[in-house]
Amino acid sequence: MESPLTESADLPWLTTGRTKLLQGGHKHHCLLITGPPAIGKYLLALDLVNRLLCENPAEGGACGSCWACHLVSGSIHPDLHILMPETYDESDDSTLLNHAHRYLDTGQSSQKRKPSSQISVDNARLLSDALLGTSRIGGRKVALVLAADTLNRNAANAMLKVLEEPVGTTHFILVSSYPYRLPSTIHSRCVRVECQGPSSKDISTWLRARHPVQEKQLSALLLSGLGPIELDEVLQNEELKPINALITYCMGDDDEIPHGLGLAARCANIGLERALTILQSMALATVRESAKGQTPAAGRGLFQDVKFSLRAFHKLGLARERVRSAVDDQLALEDICAWMCGGHSQP
């Protein structure tokens, strides 16, 4: 049975960053927390939020027992504002979701639609308007923006004024796995806090302590390139089988020559975004092994050729950038899979 994951202290690779943040080493009103995807940056940000709003903070973080701490844990603190895209999937933490609800649901449309992968200008304006007012309970106001790189340009512009001239004691905490996507106008107003990702050994040790995972299964998970928080979710939800099937297919271990429809079917069983991440990670693994003079682990599979793997890594990166804006996920998936298998078959 897996252990519950509740705070950044559960993640040993965040220890250094957590200590620096919670001991008050950063005084700037706007922080940008960055690092690889799914390593728990949102947990680190939440711990910092708790400390900033706590009435009796200590060096190790919030006290956990004051009125403000209870308001945060109850998802009813009026001076905590959380903004994130509708498709944010790194956490199902009720504190995040309940505080973010006021900005996720603007009530502007009752039509059924695809959840937005961007933070819209309307939501950014709602946040800015709220922060231009005074504190509801006479203390700090804290704005936490998760997946901040999904702010579209208009949304970023809507936040500039309150970022440049915060009213009262207002703190901004932006979290992003892809800070290069942030508009320079936002990036330049933040102090960046870089979180280092864990090594493969660290991930293995952590996952073994939480799940009864076999060595072969663990090797497949590490090859997937998914972050430890996402791997933990995979094991918790028993989603390993389709991931292993995709990796086995790409490595040529099931004696079947990869073809577009077969690859697309296996990717669809996982989900488009996760599948593209795995494929790109496998392409990168071949390039890295070749650079070290090692025989690619993919053997006779899809990523056995270094030149093809380089092209595929680039193509998959572009596909990941466009995936959430695709009109039809299935068509986008079949297109990239057909290209990969066609490119693989070329000399």
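Described in the following lines is the structure provided in the data block. (Residues numbered from 1 in each chain as written. Predicted model: local features only at pLDDT ≥ 70, side-chain atom pairs only at ≥ 80, totals over all residues. Heavy atoms only, no water.)

### Considering the overall build of the protein chain
Turning to step 1, where the next piece is worked out: The helix and strand tally for the protein chain stands at 15 helices and 5 strands.
Turning to step 2, where the next piece is worked out: Every one of the 347 residues in the protein chain was classed for burial, and the buried ones make up 47%.
Turning to step 3, where the next piece is worked out: Residue pairs in contact within the protein chain that sit at least 24 positions apart in sequence constitute 71% of those at least 6 positions apart.
Turning to step 4, where the next piece is worked out: Entry remark: accessible area of the protein chain is about 17100 Å², with carbon and sulfur atoms responsible for 49%. (Helix = DSSP H or I, 4+ residues; strand = E, 2+ residues; numbered from the N terminus. Buried < 20%, exposed > 50% of the residue type's maximum accessible area, 1.4 Å probe, protein only. Contact = heavy atoms within 4.5 Å. Areas by Shrake-Rupley, 256 points an atom, 1.4 Å probe, with all protein chains shown as cover.)

### Here's the deal with the sheet that holds strand E3 (residues 141–145)
Turning to step 1, where the next piece is worked out: Spatially, the 5 strands line up as an open sheet ordered E2-E3-E4-E1-E5, and their pairing is parallel. The open sheet has two edge strands with one neighbour each: strand E2 (80–83) and strand E5 (191–194). The mean angle between the axes of side-by-side strands here comes to 20 degrees, regardless of whether they run parallel or antiparallel.
Turning to step 2, where the next piece is worked out: Sheet analysis places E3 next to strand E4 (residues 170–176), joined by 5 bridges and oriented parallel. Residue pairing for E4: Val 142 is matched across the bridge by His 171. (Pairing = 2+ DSSP bridges. Axes fitted to C-alpha atoms, helices over the stretch in contact; angles between N-to-C directions.)

### Some remarks on the pairing of strand E1 (residues 30–34)
Consecutive side chains of a regular strand alternate in pointing toward one face of the sheet and then the other.
Turning to step 1, where the next piece is worked out: Along E1, 5 of the 5 residues are buried, which leaves the element largely enclosed by surrounding structure.
Turning to step 2, where the next piece is worked out: Burial along E1 is two-sided: the residues Cys 30, Leu 32 and Thr 34 and Leu 31 and Ile 33 are all buried.
Turning to step 3, where the next piece is worked out: Relative to E4, E1 runs parallel, the two sharing 5 bridges. Across the sheet, the residue bridging to Cys 30 is Phe 172, located in E4.
Turning to step 4, where the next piece is worked out: Summarising the sheet, E1 and E5 pair through 4 bridges and their orientation is parallel. Paired with Ile 33 across the strands is Val 193, a residue of E5.

### Regarding the packing of aromatic side chains
The relation between two aromatic rings is expressed through the spacing of the ring centres and the mutual angle of the planes.
Turning to step 1, where the next piece is worked out: Enumeration according to the criterion identifies 4 aromatic pairs in this entry.
Turning to step 2, where the next piece is worked out: Measuring from centroid to centroid gives 6.3 Å for Tyr 178 and Tyr 180, while their planes differ by 80 degrees, and the two rings are edge-to-face.
Turning to step 3, where the next piece is worked out: On the basis of relative accessible area, Tyr 178 is assigned to the partly exposed category, the value being 21%.
Turning to step 4, where the next piece is worked out: Among the aromatic residues, those joined into a ring-pair cluster are Phe 303, Phe 308 and Trp 339.
Turning to step 5, where the next piece is worked out: Over the face of the ring belonging to Tyr 178 we find Arg 181, whose NZ or CZ atom lies 4.0 Å from the ring centre.
Turning to step 6, where the next piece is worked out: Between Arg 266 and the ring centre of Tyr 249, over which it is positioned, the NZ or CZ distance is 3.9 Å. (Phe/Tyr/Trp six-rings, centres within 6.5 Å; stacked < 30°, edge-to-face > 60°. Lys NZ or Arg CZ within 6 Å of the ring centre and 35° of its normal.)

### Observations regarding the side chain of His 211
Turning to step 1, where the next piece is worked out: With respect to the helices and strands, the residue His 211 is situated in the loop between helix H8 (200–210) and helix H9 (215–224).
Turning to step 2, where the next piece is worked out: In terms of polar contacts, His 211 uses its side chain to reach the side chain of Asp 232, at 2.7 Å. (Polar contact = N/O pair within 3.5 Å; in protein donor to acceptor, adjacent residues only side chain to side chain.)

### Considerations on the nonpolar core
Turning to step 1, where the next piece is worked out: With 75 residues, the main nonpolar core has Leu 144, Ile 173, Leu 263 and Phe 303 as its most contacted residues.
Turning to step 2, where the next piece is worked out: At 9 residues, helix H2 (residues 41–53) tops the list of elements feeding residues into this core.
Turning to step 3, where the next piece is worked out: Setting aside residues up to four positions removed in sequence, Ile 173 forms contacts with Leu 31, Ile 33, Ala 45, Leu 48, Val 49, Leu 52, Val 142, Ala 143, Leu 144 and Val 145.
Turning to step 4, where the next piece is worked out: With 23 residues, the next largest nonpolar core counts Ala 148, Leu 160, Leu 182 and Cys 190 among its residues. (Core = buried A, V, L, I, M, F, W, Y, C linked by side-chain atoms within 4.5 Å.)

### Points about the pairing of E4
Turning to step 1, where the next piece is worked out: The buried fraction of E4 is high, at 7 of 7 residues.
Turning to step 2, where the next piece is worked out: Judged by which residues are buried, E4 turns out to be covered on both faces: Thr 170, Phe 172, Leu 174 and Ser 176 on one side and His 171, Ile 173 and Val 175 on the other are all buried.
Turning to step 3, where the next piece is worked out: Running through helix H6 (residues 153–164), the crossover from E3 to the neighbouring parallel element E4 is right-handed. (Right-handed = clockwise from strand over helix to strand, strands pointing away.)

### Some thoughts on the packing of helix H1 (residues 15–22) against H2
Turning to step 1, where the next piece is worked out: Relative orientation of the contacting elements H1 and H2 amounts to 20 degrees, with a least axis distance of 10 Å. Taken as axis vectors, H1 and H2 run roughly parallel relative to one another. By crossing handedness, the relation of H1 to H2 is classed as right-handed. On H2, the residues touching Gly 17, Arg 18, Leu 21 and Leu 22 of H1 are Leu 44, Asp 47, Leu 48 and Arg 51.
Turning to step 2, where the next piece is worked out: Per-class residue counts for the contact of H1 with H2 are 4 nonpolar, 1 polar and 3 charged. (Parallel < 35°, antiparallel > 145°, perpendicular 65-115°, else oblique. Left-handed = near helix turned anticlockwise from the far one by under 90°. Nonpolar A, V, L, I, M, F, W, Y, C, P; charged D, E, K, R; others polar.)

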